[in-house]
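Residue-level listing of the chains:
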Amino acid sequence: MTLREIVDHLGLRVHAGADHLDTEVTQGYVSDMLSDVIGDAPERSLWITMQKHKNVVAVAVMKSLAAIVLTKGRTPEADTAAKAEEEGVVLLTSDLGAFELAVRLNQLGVKGG
């Protein structure tokens, strides 16, 4: 499933990386601990988090993640969105909490790691 399909199905908002929405998502990953994501998130996974600072972009680049989704209506800090755009990282937001978002992704066929 592509990021574009996920954005359309779940009504996610795109804050950066709109040129990369045709990226295929291999699976989902939920964590708010950067060290956990660094250690365990698979490449091309969709990372669900509430962390909105620019360090999430560095982790996404390091792990070659498909996208970052901020939950519960959080909006990225301005420097986070700018860094994501600069690095070509797709940065999305959702009003849903992490659990509900993960459930809906799973219903779309995105599996967890």
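What counts and what doesn't
- Residues numbered from 1 in each chain as written.
- Predicted model: local features only at pLDDT ≥ 70, side-chain atom pairs only at ≥ 80, totals over all residues.
- Heavy atoms only, no water.
- Buried < 20%, exposed > 50% of the residue type's maximum accessible area, 1.4 Å probe, protein only.
- Helix = DSSP H or I, 4+ residues; strand = E, 2+ residues; numbered from the N terminus.
- Arc of directions from axis to C-beta.
- Contact = heavy atoms within 4.5 Å.
- Pairing = 2+ DSSP bridges.
- Right-handed = clockwise from strand over helix to strand, strands pointing away.
- Salt bridge = Lys/Arg side-chain N within 4 Å of Asp/Glu carboxyl O.

Asks: Can you help me understand helix α1 (residues 3-10) in this one?
Replies: In an α-helix there are 3.6 residues to a turn, and that puts residues three or four apart on one side. Taken together, the buried positions of α1 are occupied by L3, I6, V7 and L10. An end-on view of α1 places all buried positions within 100° of arc, on one side of the element. Relative to its buried face, α1 has exposed residues pointing more than 90 degrees away, namely D8 and H9. Close packing links the buried residues of α1 with β1 (13-16), β3 (45-49), β4 (67-70), β5 (91-93) and α5 (98-107). Positioned one or two residues after α1, G11 has a phi angle of 65°, which is positive.

Asks: Hey, could you run me through the pairing of strand β2 (residues 27-30) in this one?
Replies: Each regular strand displays side chains that alternate between the two surfaces of the sheet. Alignment of β2 against β3, held across four bridges, turns out to be parallel. Counterpart to G28 in the pairing with β3 is L46. Following the chain from β2 across helix α2 (residues 34-40) to the adjacent parallel β3, one finds a crossover that is right-handed.

Asks: Can you walk me through the environment of L105 in this structure?
Replies: Within the secondary structure, L105 sits in helix α5. Note: C-alpha distance between L105 and P42 (63 residues apart in sequence) is 16 Å. If sequence neighbours within four positions are ignored, L105 has contacts with I6, L10, L46, I48 and V110.

Asks: How should the pattern of salt bridges be read in this particular structure?
Replies: For the structure shown, the criterion picks out five salt bridges. One salt bridge connects D95 with R13, and the closest N-O pair in it is separated by 3.0 Å. With D95 in the loop between β5 and α5 and R13 in strand β1, this residue pair connects regions lying 82 residues apart in the sequence. Given the relative accessible area of 58%, D95 is considered exposed. Across the pair K83 and E86 runs a salt bridge whose closest N-O atoms are separated by 3.4 Å. On the criterion of helical spacing, the pair formed by K83 and E86 is a turn pair, its members being three residues apart in helix α4 (residues 78-87). Residue classification places E86 among the exposed residues on the basis of a relative accessible area of 61%. Each of the salt bridges in this network shares a partner with another, and the network as a whole consists of K83, E86 and E87.

Asks: Got a minute to help me understand the pairing of β4 in this structure?
Replies: On β4, burial covers both faces: A67 and V69 on one face and I68 and L70 on the other are all buried. Of the pairings in the sheet, the one linking β3 to β4 comprises four bridges and is parallel in character. What sits directly across from L46, in β4, is A67. Between the parallel elements β3 and β4, the chain passes through helix α3 (residues 55-63) in a crossover that is right-handed. In the sheet, β4 pairs with β5 via three bridges, with the strands oriented parallel. Looking at the pairing, L70 lines up with T93 of β5. For the handedness criterion, the β-α-β arrangement of β4, α4 and β5 is classed as right-handed.

By themselves, these observations are geometric and do not establish any function.
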